[in-house]
Amino acid sequence: MNAPDRKRAFISGGEAVAIAARLCRPDVVAAYPITPQTVIVEKISDYVAAGEMRAQFLLVESEHSALAAVMGASMSGVRTFTATSSQGLLYMCEMLHYVSGSRFPVVMANANRTVAAPWNIFGDHRDSISQRDSGWIQLYVENCQEALDTLIQAYRIAEDSRVLTPVMVNLDGYVLTHTYENVEIPAQEIVDGYLGPFKPVNAFSFEKPKSLCFTAPPEWQTEFRYQQQEAMGAAQRIIAEADREYGRLTGRCYGGLVDEYNVRDADCVLVAMGSVAGTARIVAERLRDRGHKVGLVKVRSFRPFPKEYFRELGKKMKAVGVIDRDISFGYEGALYSEIRSALYTPGVSVRTINFIAGISGRDIKQEYIESMYEQLRRIAEGENVPEIQYPGLRWQTW
Amino acid sequence: MNKPKALNGYKYPSAKEEMPLGPGSYAGVLIDVNSGWRTFRPAIDLDMCKKCLICWLLCPDGAIDKSGDRLEIDYDYCKGCGICAYECPVKAITMVKEGERQ
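Cut-off values and rules
- Residues numbered from 1 in each chain as written.
- Chains lettered and ligands numbered in written order.
- Predicted model: local features only at pLDDT ≥ 70, side-chain atom pairs only at ≥ 80, totals over all residues.
- Helix = DSSP H or I, 4+ residues; strand = E, 2+ residues; numbered from the N terminus.
- Buried ≥ 20, exposed ≤ 12 C-beta atoms within 10 Å, placed from the backbone.
- Contact = placed C-beta atoms within 7 Å.
- Rg over C-alpha atoms; globule rule 2.2 N^0.38 Å.
- Nonpolar A, V, L, I, M, F, W, Y, C, P; charged D, E, K, R; others polar.
- Pairing = 2+ DSSP bridges.
- Axes fitted to C-alpha atoms, helices over the stretch in contact; angles between N-to-C directions.
- Expected span 1.5 Å × (residues − 1).
- Parallel < 35°, antiparallel > 145°, perpendicular 65-115°, else oblique.
- Left-handed = near helix turned anticlockwise from the far one by under 90°.
- Domains from an automatic or database assignment.
- Core = buried A, V, L, I, M, F, W, Y, C linked by C-beta atoms within 7 Å.
- Right-handed = clockwise from strand over helix to strand, strands pointing away.
- pLDDT = per-residue confidence, 0-100.

### Some words on the overall build of chain A
For chain A, the count of helices and strands is 13 helices and 16 strands. For chain A, the spread of C-alpha atoms along the three principal axes comes to 70 × 55 × 45 Å. Counting every position in chain A, which comprises 398 residues, the buried fraction comes to 51%. Long-range pairs, those at least 24 residues apart, make up 79% of the contacts in chain A with a sequence separation of at least 6.

### Details of the overall build of chain B
When its secondary structure is counted, chain B shows two helices and five strands. Taken from the N to the C terminus, the helices and strands of chain B come in the order β-β-α-β-β-α-β. At 16 Å, chain B has a C-alpha radius of gyration far larger than the 13 Å of a compact globule built from 102 residues. In terms of overall dimensions, chain B has C-alpha extents of about 50 × 25 × 20 Å along its principal axes. Long-range contacts, defined as pairs at least 24 residues apart, comprise 69% of the intrachain contacts of chain B with a sequence gap of at least 6.

### Remarks on the interface of chain B and chain A
With 10 residues of chain B in contact, the opposing surface of chain A contributes 18 residues. Among the residues making up the side of chain B that touches chain A, the classes are represented as six nonpolar, three polar and one charged. The pairing of strand β9 (residues 210–212) of chain A with strand β1 (residues 24–26) of chain B spans three bridges and is classified as antiparallel. Bridging across to β1 of chain B, Leu212 of chain A finds its partner in Gly24 of chain B.

### Structural notes on the sheet that holds strand β5 (residues 107–112) of chain A
Residues and elements named next belong to chain A. With mixed pairing, seven strands are arranged side by side in an open sheet as β3-β2-β4-β5-β7-β6-β13. Edge strands, defined here as strands with exactly one partner in the open sheet, are β3 (56–59) and β13 (301–303). In this sheet, adjacent strand axes meet at a mean angle of 20 degrees when their direction is disregarded. Note: strand β4 (residues 80–84) against β5, four bridges, orientation parallel. Its bridge partner being in β5, Phe81 is matched across the sheet by Val107.

### Quick word on the sheet that holds strand β12 (residues 294–299) of chain A
If you trace the six strands from one edge of the open sheet to the other, you get β10-β12-β11-β14-β15-β16 (chain A), paired in mixed fashion. Looking at strand neighbours, the two that pair on one side only are β10 (258–261) and β16 (388–389) of chain A, the edges of this open sheet.

### Observations concerning helix α10 (residues 276–289) of chain A
Each turn of an α-helix holds 3.6 residues, which means side chains three or four residues apart point in the same direction. All names here are of chain A. Taking 1.5 Å of rise per residue, 14 residues should cover 20 Å, and α10 covers 20 Å from first to last C-alpha, within 8% of that figure. Val276, Ala277, Thr279, Ala280, Arg281, Val283, Ala284 and Leu287 are the residues of α10 that are buried. Considering only its buried residues, α10 is in contact with β10, β11 (268–272), β12, β14 (319–324) and α13 (366–380). Once α10 finishes, Gly291 follows within two positions and takes phi at roughly 95 degrees, a positive value.

### A few points about the packing of helix α7 (residues 144–159) of chain A against helix α8 (residues 188–195) of chain A
Residues and elements named next belong to chain A. At a closest axis distance of 9 Å, the pairing of α7 and α8 adopts a crossing angle of 25 degrees. The angle between the axes of α7 and α8 places the two elements in the roughly parallel class. Crossing hand, α7 versus α8: right-handed. Together, Ile152, Tyr155 and Arg156 of α7 and Val191, Tyr194 and Leu195 of α8 make up the contact between the two elements. Tallied by class, residues from the contact of α7 with α8 come to five nonpolar, no polar and one charged.

### As for unusual backbone geometry
All names here are of chain A. Cis peptide bonds are those with omega within 30 degrees of zero, and the linkage from Thr35 to Pro36 qualifies with 0 degrees. Note that the residue after Ala117, namely Pro118, is joined by a cis bond; omega there is 0 degrees. With respect to the helices and strands, the residue Pro118 is situated in the loop between β5 and α6 (126–129). Positive phi, close to 50 degrees, is recorded for Ser360, a residue that is not glycine. For Ser360, the position within the fold is in the loop between β15 (351–356) and α13. Judged by C-beta crowding, with 17 C-beta atoms within 10 Å, Ser360 ranks as partly exposed.

### Quick look at the domain arrangement of chain A
Residues and elements named next belong to chain A. Taken as a whole, chain A is organised into domain 1 (7–250) and domain 2 (258–389). Each of domain 1 and domain 2 has a C-alpha centre, and these two points are 28 Å apart. At the level of elements, α6, β6 (137–140), β7 (167–172) and α9 (218–250) are the ones that each hand at least two residues to the side of domain 1 that touches domain 2. Sorting elements by how many residues they give to the side of domain 1 that touches domain 2 places α9 first, with five residues. In the side of domain 1 that touches domain 2, the residues fall into 13 nonpolar, 10 polar and five charged.

### A closer look at the nonpolar core
Of all hydrophobic cores here, the largest spans 121 residues; its most connected members are Val17, Leu151 and Val271 of chain A. No other element matches the nine residues that α7 of chain A contributes to this core. Both domains that meet at this core, namely domain 1 (7–250) and domain 2 (258–389) of chain A, each give it at least three residues. Residues within four places of Val271 of chain A in sequence aside, it is in contact with Val297, Val299, Val320, Gly321, Val322, Ile323, Leu335 and Ile339 of chain A. Counting 11 residues, the second largest nonpolar core, distinct from the first, contains Cys55, Ile64, Leu71 and Cys84 of chain B.

### Notes on the environment of Asp259 of chain A
Within the fold, Asp259 of chain A resides in strand β10. Leave out the neighbours within four places in its chain, and Asp259 of chain A touches Tyr254, Lys298 and Arg300 of chain A.

### Considerations on the pairing of β7 of chain A
All names here are of chain A. Within β7, six of the six residues are buried, which leaves the element mostly enclosed by the surrounding structure. A two-sided burial pattern is seen for β7, the buried positions comprising Val167, Val169 and Leu171 on one face and Met168, Asn170 and Asp172 on the other. Bridge analysis of β6 against β7 gives four bridges, and the strand direction is parallel. In the sheet register, Gln138 faces β7, and the bridge partner there is Met168. Where the polypeptide runs from β6 across α7 and back to β7, its parallel neighbour, the crossover connection is right-handed.

### So, the confidence of the model for chain B
Residues and elements named next belong to chain B. Per-residue confidence for chain B gives a mean pLDDT of 89; residues scoring 70 or more make up 91%. Mean pLDDT across the elements of chain B bottoms out in β1 (87) and peaks in helix α2 (residues 83–87) (98). Scored by ipTM, the complex comes to 0.77, with pTM at 0.92.

Written out as structure tokens, the structure reads:
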């Protein structure tokens, strides 16, 4: 058999997600437009209108309805897709818990954008991070290619019988949704083979009627919640498996839960999530050329969180810095909290710094990242620096 | 009462594998008596009842059984809302305070 043609296209991240969704053949798409997710929905609507995508495209009056509609569709036993961003994700909040608690393998793209107020439409991770405990798998991507590939992987992960948990694929608003990139598009037959047909689990049936989304009293809630926790545990393996298998078919894989760059022999690493990992890699590469033993860890999966990975990383590093494009007011960056928590174990005394940066679309410049590595070097040598730093913040005193 | 009484002989899951996956399953799982908050219970005067079945049709909980010769109320699921008594055209149903004899 001849290898399917490799097709490339110069497209935005939004279009890459739309193409990925089309390749996964969802039967029902319901979405409400919101900047910067709009491109995704517009493109899908075009594909459906042109007959290139055989999905029911539902126009709904809100994001709450969008997710309710795809949950209803998923209940009827078909593959579904939706996309949102920021305020829209927050409007979905109630349904996020409904979908995950009811174990429907819905896949969603979230164009990361900050949350008002102050009003702003540009990117940071405060929207999705605030939905950390909604029971969704949360994956973050670095570029348009990874957005396309991860969305396809997301269906495989969500629909795995050991997981059956919805997946949110997060791509940075504007930096990815509106930036054009040369993206390789896998052939339809590759995606068809990779995903297989949709196998409904908790679905309506006229022949064998089921009661769905039923009440569980206090005596039984804990067991259902434990099921969700176990599914997230299984998802750690399945995310890695799905990535490996995708790599076998397309030649592209991303390290599973985390993507490492020059970590093996490094003393200091930066941890980043989303598109900033691309900038950080360029800086890390340059510092390597100058002889600095620095590395980079890109977190792909925020939930489930790769706790064991960071525990082992902490044993090998002298300093770990975490870039957060979010902040949990009154504490610190959310990713930093997770990593600090994973590092708290006997035998690990690695020093850490949290960098709160890239809030509401502010650039994370290469010089900021160079300075971050410099701070890591300083704490690795025993100096004291502020634990939480805000690169680029005006009028800072250190 | 000919209505299936799911509670009779029902066994709760005794192992993880017996649990439904999420809150979705065929009928009759994790069932329980569901009427604990009733203050008044409906009582049917069978001499007056014409079996018009308006109560059976309107009961929001499907707690009225018509399978036998006469109507019966499943008090394991009746919440005491009183719709049946309100709607009964011949006033054959009265709401009786729980704990008091008819």
